[in-house]
Amino acid sequence: MSLDPGFIWTAFLSLFKALPNTLYITIVSVFVGFIIGTAIALIRIYRIPVLYPLASAYVLFIRGTPMLMHLLLIYFGLPIIIDGLASALGLGFNSTVIPLIGFAYISFSITAGAYMSEVVRAGILSVNRGQMEAAYSIGMTTPQALRRIVLPQALAVCLPNLSNNLIGMLHGSTLAFTVSVVEINAQAQIVAATNWKFLEAYIAAAVLFWGMTILIEQATAWLERRINKYNRGGVA
Amino acid sequence: MIELKQISKSFGKNQVLQSIDLTVEKGEVVVILGPSGSGKTTLLRCINYLEKPDNGQIRIGDFKLDFKTAGKKDIHNLRQRSAMVFQHYNLFKHKTALENVMEGLLIVQKLPKDEARRRSTQMLEKVGLAAKLDAYPSELSGGQQQRVGIARALALNPEVILFDEPTSALDPELVGEVLDVIRKIAGEGITMIVVTHEMGFARDVANHVVFMDGGVIVEEGKPSELFGKPKEERTKQFLKRIAPEPSYSI
């Protein structure tokens, strides 16, 4: 079997068809995951009764099981729950109205949430206690102090890790092909199988992923410089 | 006027404050002295509810609060009546000097932006930092940071400003500029409670000196009395160690 370099380009172009799906899955899961993660981090830091053990269990379970497993559990489990509820409540719909990509959104958001909660938690804990005290001393409430003082600083600290997570989710989005969502990896497989040129198609997919990853890295570096400009003086 | 009644506080088995009573008149500058571990910083932090006393009452102006029954609203209310200047400055790291001072005015006092900016600029001018409005804390020296901290407290126009060892973290060289600023605002009749080890400052600026040890107030009075002829043995010991008689005195 010899390599057909020309076909790499052909495959590369055809992959762009699937680019939106990959981007949607990545962006939705990271965005929702960040919100879940922040909420979980705050619940765990403030040890909010009732929610605290639930949040801990969530992080423990999700980080203890593979991402593919989450997708499969949601894909096979969620319809049963939804259909059961819908028929019990007499609602006029069933799980078939959920688009396949919806399962990827839901399950990957749950996955990302657990990982990001630890990133955000570390970020918040890294902010000196004195910042919170200063905020209290000028009369702020806890939510005001978190929103205006602690979280912005925490965010600056966890940015490198968040970008790490973003890259992880971008690459993880390839798992969506197991529930028949045509993202870049699945598209590469389709192109490969129809032309019987597997290596070329996968090289093209790899190059595309690498390119996107480089973009994310560049964007993070830029954002980091911007956000961290307050540290330029060098004094702690 | 500020009145503290029977403030008690323990950290585990360690009783840090034992039923402290203290009255501070309006416009007074009170300096709290004492060896480390005597509870002076804890007492100061209780006034701002950064530490929750186990027992006791506080009155600031017309606002009264019992620490045992205080709810969130009371705490919030209490905190708005005082402002704190911290040993380690605790400036908001991600905000410029001006933004640091404006923050409380905008978010807590809900002033319009122009008004907050005007007042904050004025305060920073007062502490001699008119040229540093847009500097981040990391770009300022310790003395400058602490002066921003003072401006931040001052801008809120609180009934009392609490100073928690405001010069302890500074290079000796920079202590003077901070003390000068505190001295200046003390002259303007702002009520202040200052925890410090600067004896000279206490002697010059205080109207009232409180000596604490082991979680109780051992002795209090005018600086001339407390420094001149302390009554309690413990006070004498402390003053001697901290400010020994110059060898040339006769």
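Residues numbered from 1 in each chain as written. Chains lettered and ligands numbered in written order. Predicted model: local features only at pLDDT ≥ 70, side-chain atom pairs only at ≥ 80, totals over all residues. Heavy atoms only, no water.

Student: Please clarify how the overall build of chain A should be interpreted in this entry.
Tutor: Along chain A, the regular secondary structure elements total nine helices and zero strands. Once the C-alpha set of chain A is aligned to its principal axes, its extents read approximately 70 × 55 × 30 Å. The proportion of buried residues among the 236 residues of chain A is 44%. The long-range share in chain A, meaning contacts at least 24 apart out of those at least 6 apart in sequence, stands at 79%. (Helix = DSSP H or I, 4+ residues; strand = E, 2+ residues; numbered from the N terminus. Buried < 20%, exposed > 50% of the residue type's maximum accessible area, 1.4 Å probe, protein only. Contact = heavy atoms within 4.5 Å.)

Student: How should the overall build of chain B be read in this particular structure?
Tutor: The helix and strand tally for chain B stands at nine helices and ten strands. The globule rule puts the C-alpha radius of gyration for 250 residues at 18 Å, and the 18 Å found for chain B is close to it. Counting across all 250 residues of chain B, residues that qualify as buried make up 56%. Looking at chain B alone, contacts between residues at least 24 apart form 63% of all its contacts between residues at least 6 apart. Surface exposure of chain B reaches about 11,200 Å², of which carbon and sulfur atoms provide 47%. Distance between charge centroids for chain B: 4 Å, based on 35 positive and 33 negative side chains. (Rg over C-alpha atoms; globule rule 2.2 N^0.38 Å. Areas by Shrake-Rupley, 256 points an atom, 1.4 Å probe, with all protein chains shown as cover. Lys, Arg positive; Asp, Glu negative; His and termini not counted. Charge placed at Lys NZ, Arg CZ, Asp CG, Glu CD.)

Student: For this particular structure, what's the right way to read the packing of aromatic side chains?
Tutor: In the structure shown here, the tally under the stated rule is eight aromatic pairs over all chains. Aromatic pair Trp196(A) and Phe198(A): ring centres 5.6 Å apart, planes at 70°, arrangement edge-to-face. With a relative accessible area of 67%, Trp196(A) lands in the exposed category. Note on Tyr49(B) and Phe67(B): the rings are 5.8 Å apart at their centroids and 35° apart in plane angle, and the pair reads as tilted. Here the residue Tyr49(B) occupies a position in the loop between α1 (40–47) and β4 (55–60), and Phe67(B) occupies one in the loop between β5 (63–66) and α2 (72–79), the gap between them amounting to 18 residues. Tyr49(B) sits in the buried class, given a relative accessible area of 9%. Overall, the relative accessible area of 0% leaves Phe67(B) in the buried class. Every member of this aromatic cluster is reached through a ring pair, and the members are Trp9(A), Phe12(A) and Phe16(A). When the ring centre of Tyr136(A) is taken as reference, the NZ or CZ atom of Arg79(B) above it lies at 4.2 Å. Across from the ring centre of Phe227(B), 4.9 Å away, lies the NZ or CZ of Arg203(B), which sits over that ring. (Phe/Tyr/Trp six-rings, centres within 6.5 Å; stacked < 30°, edge-to-face > 60°. Lys NZ or Arg CZ within 6 Å of the ring centre and 35° of its normal.)

Student: Would you mind going over helix α4 (residues 113–126) of chain B with me for this structure?
Tutor: Given 3.6 residues per helical turn, the α-helix brings residues three or four places apart onto the same face. Residue and element names in this part refer to chain B. For α4, which comprises 14 residues, the first-to-last C-alpha distance of 20 Å matches the rise-based estimate of 20 Å (1.5 Å per residue) to within 8%. On its buried face, α4 is in contact with α3 (97–107) and α5 (142–155). Remark: glycine 128 follows α4 within two positions and exhibits a positive phi of approximately 80°. (Expected span 1.5 Å × (residues − 1).)

Student: So what exactly am I meant to see when it comes to the pattern of salt bridges here?
Tutor: In a structure, side chains of opposite charge can pair up when their charged atoms sit close to one another. Overall, the coordinates contain 19 salt bridges over all chains when judged by the stated rule. In this structure, Arg81(B) and Glu159(B) form a salt bridge, with 3.4 Å as the shortest nitrogen-oxygen distance. Of this pair, Arg81(B) sits in the loop between α2 and β6 (82–85) while Glu159(B) sits in the loop between α5 and β7 (160–164), placing them 78 residues apart in sequence. Each of Arg44(A), Arg63(A), Glu118(A) and Arg121(A) takes part in salt bridges that share partners, so that together they form one network. (Salt bridge = Lys/Arg side-chain N within 4 Å of Asp/Glu carboxyl O.)

Student: Help me understand the UniProt feature "domain: ABC transmembrane type-1" (unreviewed entry) in chain A in this model?
Tutor: Under the UniProt annotation, "domain: ABC transmembrane type-1" (unreviewed entry) lies at residues 19–220 of chain A. Secondary structure content for residues 19–220 of chain A is 82% helix and 0% strand, while the C-alpha to C-alpha distance between its ends is 21 Å. (UniProt positions renumbered as here; feature names shortened; annotations may be inferred.)

Student: Can you help me understand the nonpolar core in this one?
Tutor: Within soluble globular proteins, side chains that are nonpolar tend to cluster in buried spots. Counting residues in each nonpolar core, the largest one holds 101 residues, and the members touching the most others are Leu33(B), Leu43(B), Leu124(B), Ile150(B) and Phe163(B). Ranked by the residues each element gives to this core, the list is headed by helix α6 (residues 172–186) of chain B, at eight residues. If we skip the residues at most four places from it in the chain, Leu33(B) touches Lys40(B), Thr196(B), Met199(B), Ala202(B), Val209(B), Val210(B), Phe211(B), Met212(B), Phe227(B) and Phe238(B). If you look at the next biggest cluster of nonpolar residues, it comprises 20 residues, including Ala11(A), Leu15(A), Leu170(A) and Ile216(A). (Core = buried A, V, L, I, M, F, W, Y, C linked by side-chain atoms within 4.5 Å.)

Student: It is not clear to me how the layout of surface pockets should be interpreted in this structure. Could you clarify?
Tutor: The probe, sized like a water molecule, is rolled over the atoms to show the empty space still left. Roughly 760 Å³ of internal volume is contained in the largest pocket. The wall of the largest pocket is formed by 25 residues, among which Tyr46(A), Arg129(A), Met132(A), Tyr136(A) and Thr142(A) lie closest to the centre. Of all elements in the fold, only α5 (100–126), α6 (129–137) and α7 (142–172) of chain A together with α2 of chain B reach the threshold of two or more residues within the lining of the largest pocket. If one sorts the elements of the lining of the largest pocket by residue count, α6(A) sits on top with five residues. Within the lining of the largest pocket, the residues separate by chemical class into 14 nonpolar, five polar and six charged. Approximately 420 Å³ is the volume found for the second largest pocket. Along the wall of the second largest pocket there are 24 residues; nearest its centre are Asn128(A), Gly130(A), Gln131(A), His88(B) and Asn90(B). Only α6 and α7 of chain A provide two or more residues apiece to the lining of the second largest pocket. (1 Å grid on protein atoms, 1.4 Å probe; cavity = no way out; pocket = protein on both sides within 12 Å on 5 of 7 lines; lining within 4 Å. Points joined across faces, edges and corners; volume = space filled by probe spheres on them. Nonpolar A, V, L, I, M, F, W, Y, C, P; charged D, E, K, R; others polar.)

Student: What exactly am I supposed to notice about the packing of helix α2 (residues 19–45) of chain A against α7(A) here?
Tutor: Axes are the key here: two packed helices are described by the angle between their axes and the distance separating the axes. Residue and element names in this part refer to chain A. It is the contact of α2 with α7, at a shortest axis distance of 11 Å, that shows an interaxial angle of 140°. Considered as vectors, α2 and α7 are oriented oblique to each other. In this structure, α2 crosses over α7, and the sense of that crossing is right-handed. Counted together, Thr22, Thr26, Ser29, Val30, Phe34 and Leu42 of α2 and Leu146, Leu155, Leu162, Leu166, Met169 and Leu170 of α7 form the full contact between these two elements. (Axes fitted to C-alpha atoms, helices over the stretch in contact; angles between N-to-C directions. Parallel < 35°, antiparallel > 145°, perpendicular 65-115°, else oblique. Left-handed = near helix turned anticlockwise from the far one by under 90°.)

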